Amino acid sequence: MAHSTVPRSGTEADATERTPVASGGATGTRDDRHRGRLSLRTRIRRDRVLLLMTLPAVFLLLLFNYLPILGNVVAFQDYDPYLSDNGVVSILHSPWVGVENFRAIFADSAFWSAMRNTLILFFLQLVLYFPVPILLALLINSVVRPRVRAVAQAVLYLPHFFSWVLVIAVFQQLLGGAGLLSQLLRQHGYDGLDIMTDPTTFKFLLTAQSVWKDAGWGIIVFLAALASVSPDLYEAAAMDGAGRWRRIWHVTLPALRPVIALLLVLRVGDALTVGFEQILLQRDAVGPGAAEVLDTFVWWNGVRNQDFGYAAAAGLIKGVVSLGLVLAANKVAHLMGEQGVYRK
């Protein structure tokens, strides 16, 4: 039987070359399967300059973030730092109490009050504070003139550099018993208000202070995400008859969704940290019943009362709960099709 002399096409020839010659059902040649895979030694040699550049940062991370984790052992001790001038020796010689510190914490009503205040503050800041940078970023991004946009962004970003002492002083001058608002009310025949010492509105006051101070920082992140959106998408949407609100809903918000999901996961992980310095400066004005949170609870028992094992147990509980919240929020982000903190 004569064989055809017609040359095969490139696609057919490539398909023949990729046909497996060994059993097992694998597709592709060995070179195709291992293409792009480099050994660990090769990758280290290739990226040695970058690895050397990151060594100082890794060292600082280990020294100040991971090494102190070993100190959580004092949560299972009746820790006495005055046993020795060396903190490690004090840990080794402090008596073990097992889980007694945790039992005492779970039976302490002050701990549950601090937990309740912390969660209420978190939900208030999540609902009232988190959307503000997004809305302000959309507003600034809609400004046509670059100079007006730059001035607005600078004005909103400026309070981020203020210390909490200055922020609270500004609010005291506006909302305190002798502040501007009270003086205006008295001039018009009304009773003055002292919002700074009112326990019922204290949590809303904290949220307002956080919005005024840190909203400008969040604007930068969202504006950077908006800068990556192609103008062709807006032009195509406008040609299809989409108005401004339609373009925001179908173009802008989908572009911001990955950033929103990532920041939301990080915010949930930071749920039990709601502003230690901010609350500590105003704790005496409204009382611990309204202002005590987990961070101030740990500080009061550990630093002021010198009960380090008890405070360390409370801090360890906070860390475990925060880790669980991060993992849960990241799982929700994956279910929504977003990357979250890390990939699946």
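Everything quoted here is computed from the prediction, not taken from an experiment.

What follows is about a nonpolar patch on the surface. Where nonpolar side chains cluster on the molecular surface, the patch consists of F59, L60, L63, F64, L67 and L70 and spans about 640 Å² of accessible area. Residue placement: F59 occurs in helix α4 (residues 48–66).

For the structure on display, the rule yields 5 salt bridges. For the salt bridge of R283 with E292, the shortest nitrogen-to-oxygen distance reads 2.9 Å.

Quick look at helix α10 (residues 164–175) now. Here α10 is 12 residues long and its end C-alpha atoms lie 16 Å apart, about the 16 Å a rise of 1.5 Å per residue gives. Looking at α10, one finds that the buried residues are W164, V167, I168 and F171. Viewed end-on, α10 has its buried residues packed into an arc of 95 degrees, placing them on one side of the element. α10 presents V165 and Q173 as exposed residues on the side facing more than 90 degrees away from its buried surface. Close packing links the buried residues of α10 with α12 (202–227) and α15 (276–280).

Quick look at unusual backbone geometry now. Of note in the backbone geometry, Q306 takes a positive phi value of approximately 60 degrees without being a glycine. Considering the arrangement of structural elements, one finds Q306 in the loop between α18 (294–304) and α19 (308–335).

The next thing to look at is the packing of helix α14 (residues 244–269) against α19. Helix-helix packing is described using two parameters, namely the angle between the two axes and the distance between the axes. The contact between α14 and α19 brings their axes to 7 Å, and the two run at 160 degrees. By the angle between their directions, the pair α14 and α19 is classed as roughly antiparallel. Considering how the two elements wind past one another, α14 and α19 form a crossing that is right-handed. On α19, the residues touching V265, V268 and G269 of α14 are S322, L325, V326, A329, N330 and A333. Here the residues of the contact of α14 with α19 sort into 6 nonpolar, 3 polar and no charged.

With that settled, the discussion passes to the layout of surface pockets. The gaps of empty space that remain are located by a probe, the size of a water molecule, rolled over the atoms. Taken as a whole, the largest pocket spans an internal volume of roughly 520 Å³. Lining the largest pocket are 22 residues, and of these Y129, D214, W217, R267 and D270 lie nearest its centre. Listing elements by their share of the lining of the largest pocket, those giving two or more residues are α7 (109–129), α12, α14 and α15. For the second largest pocket, the calculated volume is near 370 Å³. At the level of secondary structure, the elements contributing two or more residues to the lining of the second largest pocket comprise α8 (131–141) and α14. Per element, the largest residue contribution to the lining of the second largest pocket is 5 residues, and it comes from α14. Class assignment of the residues belonging to the lining of the second largest pocket gives a composition of 8 nonpolar, 3 polar and 3 charged.

Moving on: the packing of aromatic side chains. In the structure shown here, the tally under the stated rule is 14 aromatic pairs. Pairing Y157 with W217 gives two aromatic rings, centres 6.3 Å apart and planes at 20 degrees, and the pair type is stacked. A residue pair is termed long-range when its members are at least 10 positions apart, and Y157 in helix α9 (residues 146–157) and W217 in helix α12 qualify at 60 residues. A network of ring pairs unites the aromatic residues F106, F111, W112, F297 and Y310 as a single cluster. Its end group placed over the ring of W164, K213 keeps NZ or CZ at 5.1 Å from the ring centre.

Conventions we followed
- Residues numbered from 1 in each chain as written.
- Predicted model: local features only at pLDDT ≥ 70, side-chain atom pairs only at ≥ 80, totals over all residues.
- Heavy atoms only, no water.
- Patch = residues over 30% accessible without salt bridge, like charges linked within 9 Å, V, L, I, M, F, W, Y side chains within 5 Å.
- Areas by Shrake-Rupley, 256 points an atom, 1.4 Å probe, with all protein chains shown as cover.
- Salt bridge = Lys/Arg side-chain N within 4 Å of Asp/Glu carboxyl O.
- Helix = DSSP H or I, 4+ residues; strand = E, 2+ residues; numbered from the N terminus.
- Expected span 1.5 Å × (residues − 1).
- Buried < 20%, exposed > 50% of the residue type's maximum accessible area, 1.4 Å probe, protein only.
- Arc of directions from axis to C-beta.
- Contact = heavy atoms within 4.5 Å.
- Axes fitted to C-alpha atoms, helices over the stretch in contact; angles between N-to-C directions.
- Parallel < 35°, antiparallel > 145°, perpendicular 65-115°, else oblique.
- Left-handed = near helix turned anticlockwise from the far one by under 90°.
- Nonpolar A, V, L, I, M, F, W, Y, C, P; charged D, E, K, R; others polar.
- 1 Å grid on protein atoms, 1.4 Å probe; cavity = no way out; pocket = protein on both sides within 12 Å on 5 of 7 lines; lining within 4 Å.
- Points joined across faces, edges and corners; volume = space filled by probe spheres on them.
- Phe/Tyr/Trp six-rings, centres within 6.5 Å; stacked < 30°, edge-to-face > 60°.
- Lys NZ or Arg CZ within 6 Å of the ring centre and 35° of its normal.

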